[in-house]
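Spelled out, the chains give:
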Amino acid sequence: FFVQTQCAAAKMRRMMMRITAIAIFITGLQASVLDLGPSPVLRPTSTITASLLGLTTRLRGGEQKTSGLPIADASVVPQNLDGNVNLKLNLNYGVDRGTIVAVGPSSCFGSGDINKAPKLTRKEGERWEGFVTVPRSEGVVKYQYVIIGDTHRYEARIAERSVNVLGLPEGAVVDVQDSFRSPKPATLATSCFSRAVFGKGKSDLADQEGDNPGIAHAQLTWAPAPAGDLTLRFTVFAPRMENGHSVWVSGASSSLGSWSASSRLRMAHIGRGLYVAQATVSKSELPMEYKYEVVDKSGNVACSESGKRKVTLDHAGAATFIIKDEAFNYPNSVFKGAGVAIPVSAIKTRDSTGIGEFLDLKKMADWCTKTGLQLIQILPINDSGEDPSPYSAASSFALHPIFVRPLAVCDYYTDLCGADMSGTSGWATSLVEKLNGNWKIDYPRILQEKAKLMDGIFDAVGRDKVLADEGMMAWVEKNKKWLLPYAGFKVQMGKERSFNNKWFDCTTWSKRASEVESIVNSGSPDYDQVARVYFVQYHLHLQLLEASKYCESLGIAVKGDLPIGVTRCSQDVWAEPNIFKLDKNAGAPGDPEQNWGFPPYNWNEMHKDGCNWWRRRLQHMEQYFHAYRIDHILGFFRMWEIPKHGSGGRYEPSSGLRENGLKNLRAIQTASNMLICGEDLGNVPAEVGPVLLELGILGLKIQRWCDGKTGEYPLLTVAASSCHDTSPCRLWWNENWGEAEHFFHSFCGDGHTPGGPPDWVSQKIIKMHAESSAMWTINPIQDYIDMFEDMRSQNAKADMINVPGSTEGCWVYRCHKRMEDLVTQDKFNAFVKKMLQTGKRGATY
């Protein structure tokens, strides 16, 4: 039971190199002690029954102390879980008018209903207190605090709060000392940071040298303390953590190392930036001071809390178990980062085939490391067929064949099976030379040429060898839920176009998705075409995954884009028509009314299976992306729905916006751990902002469309100088002279407004975004390059990506600078990097 004395601790320091896992029998549970040393491994161990065990594991030579955590043996079914335990909740939070409730999915926390949830009572000052009786059979109970007042305020839902009651004796009292979890720092628990920006390629599941070992919260049990002692569990939210760094707790108690750097207590990671440690403390040592520290691989402190915390018995009463649940107090209270926005199609390298390709993201990332940029934001990359608009996807899962690099596919088969690819390699090289000099994208030609070349590669390798690739066939099996309908869709669409004058609406097709097996089975006459679809999609997957992992390893997140709808001629509508309102079109009110032509989602139908389509879609995206932008996020609250063959639409739903938006967005948020950013421009209902804040979803600010005061943006904001649907800043300055004059006199000074604009004005715009109060500033590459006049493109109009409402000249933009050349622009790159550093962007701690 973890009785600990200074004598025993000293003895173990002298005599033991390391204690790994030790099992103890606690309240009917088999448990093992998790060794939290420099290279921790959780191993099953034999059971040792003991009334008392004094444990303080240490490393020889005065190295950092490790700790023992009681870990439940998953192979043993817990016995005798009758009875209850009592949680005494304590929360310090200022509430002017209203009250606080603790709500969660368990019945003891109101079954998710804030009207049935247990209420806390205000005590002295800002301290609130409440009691909850929890059946021991619950195991782990989750809850969150809600401020009930004129408006409700919820805790962050990204990193959920939970208490594990496993191992507690019947009737035990646990004093839970909580702190309110703000949604703002909770966004840092997303994979944008844990895998990329901070983690630099770290897997959320793998334990690496120097890191905190990962365990499931449900594995933890409690170690009851002997008379006169307390069992103290520390839980800290510390999401800002560099790869190879770890969180420790140090304190005045001997069980916390008596402030010794060599004896502090290592913590374990239970997911989403939450770390735990457990110690036995004598009541005579309280009140006790302690603090959290981040330690690097060498054992040096990388970040330490500036002040000291305190554990007291002031309000614990009869409790012999205490939980301290709090957030790491970073000296730099907020993280701010910077990124660049560019469509994949617009990236230019010496290897491009007339259009940016997935593998070009690697050279884009190389440039980002030179400038201090930590995120690359791209446009949708799903297959849109012959339509160059990335927002007209024919599949929410399949990638666009135009982004494949054929030469890399040739190399793949040379390495895999020794195939002679000299002919197709030469073909691919000549295509690069033929198309890569174009200053804009020749979309139809590139699409056609690449399709021919990929067919040529398939034929050169041979279908049998392609399908003998175990890696490819394993991938096909894993992705068959979407891949088989997509392959059937592509084959059937080709047939329908030859005789069906309404082929663009797949609900009119002669074959339904239910008949897809007749198309994709290996004996089908269409199987050769089906195999080619698998072949192309597999190599797109490999190349995008390679690029994403490369970016990730450099600490650069890749941010995707989620269109608000899918087209009527899509794999999704063909395969799952029930989740769309096919008798309606989505659009927007106005004069004239906007009709976007795609069917609205049938949310009622989607929620019947827990939004499975969304979950599959986002989990598929998460292979490649660390964050994503939701196009027209207002559509998750309400959508303007128009009769398919008419006009005069209306908003659906017309009321209950908050509940509707919360339900829909929560469903997709829980599908992945990616950071979510919402495009919330335009006429935004009052209900939207509070929901986005509660869920930790970032909004968007375009400087020219608000008051321009970037220093007053909310933290959960993406600040952008322009975007793909606007003119770049240089073009805007020359085409909107009145707005340019207003900006100049508001932020640059008096006198004549210069034309051009001069580079110092372009620099001023980016500088304002770098110094803004927004968590992220993500600016188009055109606006970055325009800061140096000698680097600008010759024609500002050629830098436009899209003109909403028009098709002329849209989606053909290519960056006029090759990435290989940008990397060598030392003066420019150093200028960008210094500007971002001056704006305090990019520092983890």
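Residues numbered from 1 in each chain as written. Predicted model: local features only at pLDDT ≥ 70, side-chain atom pairs only at ≥ 80, totals over all residues. Heavy atoms only, no water.

Overview of the overall build of the protein chain
Within the protein chain, the secondary structure is distributed over 23 helices and 32 strands. Scaling as 2.2 N^0.38, a compact globule of 845 residues should have a C-alpha radius of gyration of about 28 Å, and the protein chain matches this with 29 Å. Counting only C-alpha atoms, the protein chain reaches 85 × 75 × 55 Å along its principal axes. Per-residue burial for the protein chain yields a buried fraction of 57% across its 845 residues. Long-range pairs, those at least 24 residues apart, make up 73% of the contacts in the protein chain with a sequence separation of at least 6. Working note: accessible area of the protein chain is about 33,300 Å², and carbon and sulfur atoms make up 50% of it. Looking at charge distribution, the protein chain has the averaged site of its 93 positive side-chain charges lying 4 Å from that of its 92 negative ones. (Helix = DSSP H or I, 4+ residues; strand = E, 2+ residues; numbered from the N terminus. Rg over C-alpha atoms; globule rule 2.2 N^0.38 Å. Buried < 20%, exposed > 50% of the residue type's maximum accessible area, 1.4 Å probe, protein only. Contact = heavy atoms within 4.5 Å. Areas by Shrake-Rupley, 256 points an atom, 1.4 Å probe, with all protein chains shown as cover. Lys, Arg positive; Asp, Glu negative; His and termini not counted. Charge placed at Lys NZ, Arg CZ, Asp CG, Glu CD.)

What to know about the sheet that holds strand E24 (residues 584–588)
Across the sheet, four strands lie side by side as E25-E24-E27-E28; this open sheet has antiparallel pairing. The strands lining the two open edges of the sheet, one partner per strand, are strand E25 (594–595) and strand E28 (650–652). (Pairing = 2+ DSSP bridges.)

With respect to empty space enclosed by the protein
For the structure on display, the rule yields six cavities of 30 Å³ or more. Lining the largest cavity we find 21 residues, and of these Ser345, Pro380, Pro388, Pro390 and Phe403 sit closest to its centre. Grouping the amino acids of the lining of the largest cavity by side-chain chemistry returns 17 nonpolar, four polar and no charged. (1 Å grid on protein atoms, 1.4 Å probe; cavity = no way out; pocket = protein on both sides within 12 Å on 5 of 7 lines; lining within 4 Å. Points joined across faces, edges and corners; volume = space filled by probe spheres on them. Nonpolar A, V, L, I, M, F, W, Y, C, P; charged D, E, K, R; others polar.)

Observations regarding the sheet that holds strand E15 (residues 268–271)
Taken together, the eight strands give an open sheet; going across it, the order is E6-E7-E4-E11-E20-E12-E16-E15, and neighbouring strands pair in mixed fashion. The outermost strands of the open sheet, each flanked by one partner alone, are strand E6 (121–122) and E15. As judged from the four bridges shared by strand E11 (residues 173–178) and strand E20 (residues 321–327), these two strands associate in the parallel manner. Directly across from glutamine 177, in E20, lies its bridge partner lysine 324.

Topic: the packing of helix H5 (residues 406–417) against helix H7 (residues 443–461)
With their axes 10 Å apart at the nearest point, H5 and H7 run at an angle of 5° to one another. With respect to their mutual orientation, H5 and H7 come out roughly parallel. Mapping the contact onto sequence places Pro406, Val409, Cys410 and Tyr413 in H5 and Lys450, Leu453, Met454, Ile457 and Val461 in H7. (Axes fitted to C-alpha atoms, helices over the stretch in contact; angles between N-to-C directions. Parallel < 35°, antiparallel > 145°, perpendicular 65-115°, else oblique.)

Details of helix H12 (residues 527–553)
With 27 residues, H12 extends 39 Å from end C-alpha to end C-alpha; this agrees with the ideal 39 Å at 1.5 Å per step. Taking burial as the measure, the 27 residues of H12 include 19 buried ones, the bulk of the element. Positive phi shows up at glycine 555, right after H12, with a value of about 80°. (Expected span 1.5 Å × (residues − 1).)

Regarding the pattern of salt bridges
Tallied over the entire structure, the rule returns 43 salt bridges. Across the pair glutamate 546 and lysine 362 runs a salt bridge whose closest N-O atoms are separated by 2.8 Å. Linking glutamate 546 in helix H12 with lysine 362 in helix H4 (residues 360–371), this pair joins segments that are 184 residues apart in sequence. For glutamate 546, a relative accessible area of 39% puts it in the partly exposed group. One salt bridge in this structure joins aspartate 786 and arginine 730, with 3.3 Å as the shortest N-O distance. In this pair, aspartate 786 sits in the loop between helix H21 (781–785) and helix H22 (819–823) while arginine 730 sits in helix H18 (residues 729–735), placing the two residues 56 residues apart along the sequence. (Salt bridge = Lys/Arg side-chain N within 4 Å of Asp/Glu carboxyl O.)

Structural notes on the nonpolar core
Counting residues in hydrophobic clusters, the biggest one holds 134 residues, and the most contacted among them are Ile376, Phe535, Trp614, Leu665 and Ile781. Ranked by the residues each element gives to this core, the list is headed by H12, at 12 residues. Beyond its immediate chain neighbours, meaning those up to four positions away, isoleucine 376 contacts Val340, Ile342, Leu361, Met364, Ala365, Cys368, Cys551, Ile556, Ala557, Val558 and Lys559. If you look at the next biggest cluster of nonpolar residues, it comprises 28 residues, including Ala102, Val134, Val141 and Tyr145. (Core = buried A, V, L, I, M, F, W, Y, C linked by side-chain atoms within 4.5 Å.)

Regarding helix H20 (residues 759–770)
The end-to-end C-alpha distance of H20, which contains 12 residues, comes to 16 Å, matching closely the 16 Å that a straight helix rising 1.5 Å per residue would cover. What H20 keeps buried is the set Val761, Ser762, Gln763, Ile765, Ile766, Met768, His769 and Ala770. Packed against the buried residues of H20 are strand E31 (717–720), H18, helix H19 (737–747), strand E32 (776–780), H21 and helix H23 (826–838).

Comments concerning the pairing of E11
Extensive coverage of E11 is indicated by the burial of five of its six residues. Examined bridge by bridge, strand E4 (residues 84–92) and E11 share six bridges and lie parallel to one another. Within the sheet, the bridge partner assigned to leucine 89 lies in E11 and is valine 176.

Concerning the side chain of lysine 324
Relative to the helices and strands, lysine 324 is located in strand E20. Among buried charged residues, lysine 324 stands out as having no salt bridge; its nearest opposite-charge side chain is glutamate 326, 4.4 Å away. Of note is the side chain of lysine 324, whose polar atom sits 2.8 Å from the side chain of glutamine 177. (Polar contact = N/O pair within 3.5 Å; in protein donor to acceptor, adjacent residues only side chain to side chain.)

Description of the packing of aromatic side chains
One pass over the full model with this rule turns up 47 aromatic pairs. Taking 5.3 Å as the distance between ring centres and 35° as the angle between the ring planes, the aromatic pair formed by phenylalanine 193 and phenylalanine 198 counts as tilted. Relative to tryptophan 811, the ring of tyrosine 391 has its centre 6.1 Å away and its plane inclined at 50°; by these criteria the two rings are tilted. A residue pair is termed long-range when its members are at least 10 positions apart, and tyrosine 391 in the loop between strand E22 (375–377) and H5 and tryptophan 811 in the loop between H21 and H22 qualify at 420 residues. (Phe/Tyr/Trp six-rings, centres within 6.5 Å; stacked < 30°, edge-to-face > 60°.)

Some details on unusual backbone geometry
Geometrically, the link from aspartate 591 to proline 592 is a cis peptide bond, its omega value of 5° lying close to zero. Along the chain, the position of proline 592 falls in the loop between E24 and E25. At the junction of glutamate 652 and proline 653, the peptide bond is cis and its omega measures out at -5° in the coordinates. Topologically, proline 653 is positioned in the loop between E28 and helix H16 (657–669). Even without glycine at this site, lysine 200 takes up a positive phi of about 50°.

Digging into the packing of H4 against H12
Between H4 and H12, whose axes approach to 8 Å, the crossing angle comes to 15°. Considering their axes alone, H4 and H12 lie roughly parallel with respect to each other. Taken as a pair, H4 and H12 cross one another with a handedness that is right-handed. Contacts between H4 and H12 involve Leu361, Lys362, Ala365 and Asp366 on the former and, on the latter, Leu544, Glu546, Ala547, Tyr550 and Cys551. Among the residues forming the contact of H4 with H12, the class breakdown is six nonpolar, no polar and three charged. (Left-handed = near helix turned anticlockwise from the far one by under 90°.)

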